[in-house]
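Listed here are the chains, written in short residue letters.
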Amino acid sequence: MLLVAFGGWLGLVLHQTLRTRRADDTPRRARGLPAGAAAVAGLGLLMASAALVVAAARGIGAWLGMDDFVVGATLVAIGTCTPELVTAVVAARRGQGGMGFGLVLGSLLFNGLVAVAVAALLAPIEVPRAEAAVGLASGVGLLALATPGRSGRLGRGRGALLLAGYAAFVAVLLRFPPAPAG
């Protein structure tokens, strides 16, 4: 179901992109092989770094006595989202905030629909309902808060509320850690 939902979303985005592109007369230049080689090299480095991030986070989490879910929702999430944060900040500072917002929203959809689906296809994911409920409720609430207002802008106040919301989510996880499995 998650992969079907992602496919539907991707189809809508591609349809909108092609419709917009047809209306745009600006010629596009493809970089071809160099871009493809860079993408393949980047994917290889990404896979290697992901293994290192997971191993390091599990080690730190074990040292601190943290549950795997809490490690994933804090240490791994921060580690894997840092490149997105940097890219979104650079885009916003260059006046391309829409690109940064699209990056974050697309990443959330991809992670929520594709990453979870593929991981569950490879091995069942066991998460107690209470953990999932806190995470999902927080995610839906913060996503609603990230929805642009009538002006189409997210201001500093909304940004501060989003940061405070994430801090509250982490505080709840750390204050009320999940019961050990088994």
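Described below are features of the structure shown in this document. (Residues numbered from 1 in each chain as written. Predicted model: local features only at pLDDT ≥ 70, side-chain atom pairs only at ≥ 80, totals over all residues. Heavy atoms only, no water.)

**Observations regarding the overall build of the protein**
Phase 1 of the analysis: What the protein contains, in helices and strands, is 6 helices and 0 strands.
Phase 2 of the analysis: Secondary structure of the protein in N-to-C order comes out as α-α-α-α-α-α.
Phase 3 of the analysis: The burial tally for the protein puts 13% of its 182 residues in the buried class.
Phase 4 of the analysis: For the protein, the share of sequence-separated contacts (at least 6 apart) that also reach a separation of at least 24 residues comes to 53%.
Phase 5 of the analysis: Of the accessible surface of the protein, which amounts to about 13700 Å², a share of 71% is contributed by carbon and sulfur atoms. (Helix = DSSP H or I, 4+ residues; strand = E, 2+ residues; numbered from the N terminus. Buried < 20%, exposed > 50% of the residue type's maximum accessible area, 1.4 Å probe, protein only. Contact = heavy atoms within 4.5 Å. Areas by Shrake-Rupley, 256 points an atom, 1.4 Å probe, with all protein chains shown as cover.)

**A word on the environment of arginine 153**
Phase 1 of the analysis: As for its placement among the helices and strands, arginine 153 is situated in the loop between α5 (129–145) and α6 (156–175).
Phase 2 of the analysis: For arginine 153, a relative accessible area of 64% gives the class exposed.
Phase 3 of the analysis: Put simply, arginine 153 and glycine 97 are 56 residues apart on the chain and 9.4 Å apart in space, counted from C-alpha to C-alpha.

**Describing the nonpolar core**
Phase 1 of the analysis: Ala57, Met66, Val70, Val71, Ala73, Val76, Phe169, Val170 and Leu173 together form the largest nonpolar core, which totals 9 residues.
Phase 2 of the analysis: Listed by contribution, the elements that provide at least two residues to this core are α3 (68–93) and α6.
Phase 3 of the analysis: By residue number, the principal contributor to this core is α3, which donates 4 residues. (Core = buried A, V, L, I, M, F, W, Y, C linked by side-chain atoms within 4.5 Å.)

**Notes on helix α4 (residues 97–122)**
Phase 1 of the analysis: Relative to the 38 Å expected for 26 residues at 1.5 Å per residue, α4 spans 36 Å between its end C-alpha atoms, a close match to the ideal helical length.
Phase 2 of the analysis: What α4 keeps buried is the set Gly100, Gly106, Ser107, Leu113, Val114 and Ala117. (Expected span 1.5 Å × (residues − 1).)

**Thoughts on the environment of alanine 50**
Phase 1 of the analysis: With respect to the helices and strands, the residue alanine 50 is situated in helix α2 (residues 33–64).
Phase 2 of the analysis: Taking the C-alpha atoms as reference points, alanine 50 and valine 76, separated by 26 residues in sequence, lie 9.3 Å from one another.

**Some remarks on the packing of α3 against α6**
Phase 1 of the analysis: Following both chains from N to C, one finds α3 and α6 inclined at 145°, their axes separated by 10 Å at the closest point. Crossing hand, α3 versus α6: left-handed. Touching Phe69, Val70, Ala73, Thr74 and Ile78 of α3 are Tyr166, Phe169, Val170, Leu173 and Leu174, all from α6.
Phase 2 of the analysis: Of the residues contributing to the contact of α3 with α6, the split by class is 9 nonpolar, 1 polar and no charged. (Axes fitted to C-alpha atoms, helices over the stretch in contact; angles between N-to-C directions. Left-handed = near helix turned anticlockwise from the far one by under 90°. Nonpolar A, V, L, I, M, F, W, Y, C, P; charged D, E, K, R; others polar.)

**Side note on the packing of α3 against α4**
Two numbers describe a pair of packed helices, the interaxial angle and the distance between the axes.
Phase 1 of the analysis: Close contact between α3 and α4 brings their axes to 6 Å; oriented N to C, the two are set at 160°. Taken together, the axes of α3 and α4 lie roughly antiparallel to each other. Here α3 runs over α4; the crossing is left-handed. Contacts from Glu84, Thr87, Ala88, Ala91 and Ala92 in α3 reach Gly97, Met99, Gly100, Leu103, Val104 and Ser107 in α4.
Phase 2 of the analysis: Of the residues that constitute the contact of α3 with α4, the class distribution is 6 nonpolar, 4 polar and 1 charged. (Parallel < 35°, antiparallel > 145°, perpendicular 65-115°, else oblique.)

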